[in-house]
Amino acid sequence: MDSTTTDHHKQMKYCTTRLPYRQGRELKAVKVYTVASESRHLLVFGVPRINLQGNLKAKLQCFGKLQSCACITSEMATKMELEAFTDVFAVQFERHEVARRAKRQLDAKHFYGGTLHISYAPERETQQELREKLLKRSQEVAIRTRRNHTDYKDKG
């Protein structure tokens, strides 16, 4: 899938209008992800440009198996404005769950003096990967529906 817009990679402002009991300890940017917009492909912005690819790779491998980790700063610089003296990396994990956990854990965290911004990159998926992802999700929903239906019957 090739997309010309990069608006979904821009970092959002934190939500400051939540009621205190819903706020939590850390401010969060509120964004909803659909099955199609989540991906095994991530873009990691804000990595200081001091040859940290190996360090970033080691940090990401703590979450699970990586398929690739490549610097794409020059490619992204033509599409959007980037923070000065930072690199952008395209990362691909083997599983969606691992990518989701890595994004949640590392987004807005400090890394060698820079603050990481991590976004999903569904535009880097092939059509086959998208088909597999949607098929897997529909199977998961069917399993949960059957399980909930049998639980409901057992209680009633």
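Anything mentioned here points back to the structure above.
Because the structure is a prediction, the values reported are computed rather than measured.

Criteria and cut-off values
- Residues numbered from 1 in each chain as written.
- Predicted model: local features only at pLDDT ≥ 70, side-chain atom pairs only at ≥ 80, totals over all residues.
- Heavy atoms only, no water.
- Phe/Tyr/Trp six-rings, centres within 6.5 Å; stacked < 30°, edge-to-face > 60°.
- Lys NZ or Arg CZ within 6 Å of the ring centre and 35° of its normal.
- Core = buried A, V, L, I, M, F, W, Y, C linked by side-chain atoms within 4.5 Å.
- Buried < 20%, exposed > 50% of the residue type's maximum accessible area, 1.4 Å probe, protein only.
- Helix = DSSP H or I, 4+ residues; strand = E, 2+ residues; numbered from the N terminus.
- Contact = heavy atoms within 4.5 Å.
- Salt bridge = Lys/Arg side-chain N within 4 Å of Asp/Glu carboxyl O.

> Just to check I follow, could you spell out the packing of aromatic side chains for this structure?
Two aromatic rings, taken as a pair, are described by how far apart their centres are and by the angle between their planes. In total, this model carries one aromatic pair according to the counting rule given. Each ring, one from Phe 111 and one from Tyr 112, has its centre 4.9 Å from the other, and the planes form 80°; the classification is edge-to-face. When the ring centre of Tyr 120 is taken as origin, the NZ or CZ atom of Lys 103, which lies over that ring, is 5.6 Å away.

> Help me understand the nonpolar core, please; the structure alone is not making it clear to me.
Across soluble globular proteins, nonpolar side chains show a tendency to be buried alongside one another. Counting residues in hydrophobic clusters, the biggest one holds 20 residues, and the most contacted among them are Val 44, Val 47, Leu 56, Val 91 and Phe 93. For this core, the secondary-structure elements that each account for two or more residues are β1 (41-48), α2 (53-61), β2 (66-71), β3 (86-93), α4 (96-106) and β6 (117-120). Here the element with the most residues in this core is α4; it accounts for four residues. Contact partners of Val 44, with chain neighbours within four places excluded, come to Leu 56, Asp 87, Val 88, Phe 89, Val 91, Leu 116, His 117 and Ile 118. Core analysis: the next-biggest nonpolar cluster, separate from the first, contains eight residues, Leu 43, Phe 45, Met 76 and Ala 121 among them.

> Looking at this structure, I do not really get the pattern of salt bridges. What am I missing?
Where side chains of opposite charge bring their charged atoms close, a pairing between them can arise. This model, assessed by the stated rule, comprises eleven salt bridges. The partner of Asp 87 in a salt bridge is Arg 49, and the shortest N-O contact between them spans 3.0 Å. Of this pair, Asp 87 sits in strand β3 while Arg 49 sits in the loop between β1 and α2, and the two are 38 residues apart along the sequence. A relative accessible area of 11% places Asp 87 in the buried class. Take Arg 49: its relative accessible area is 48%, and that puts it in the partly exposed class. Between Glu 97 and Arg 95 there is a salt bridge, with the nearest N and O atoms lying 3.4 Å from each other. We classify Arg 95 as partly exposed; its relative accessible area is 47%. Here the salt bridges do not stand alone but share partners, grouping Glu 75, Lys 79 and Arg 124 into one network.

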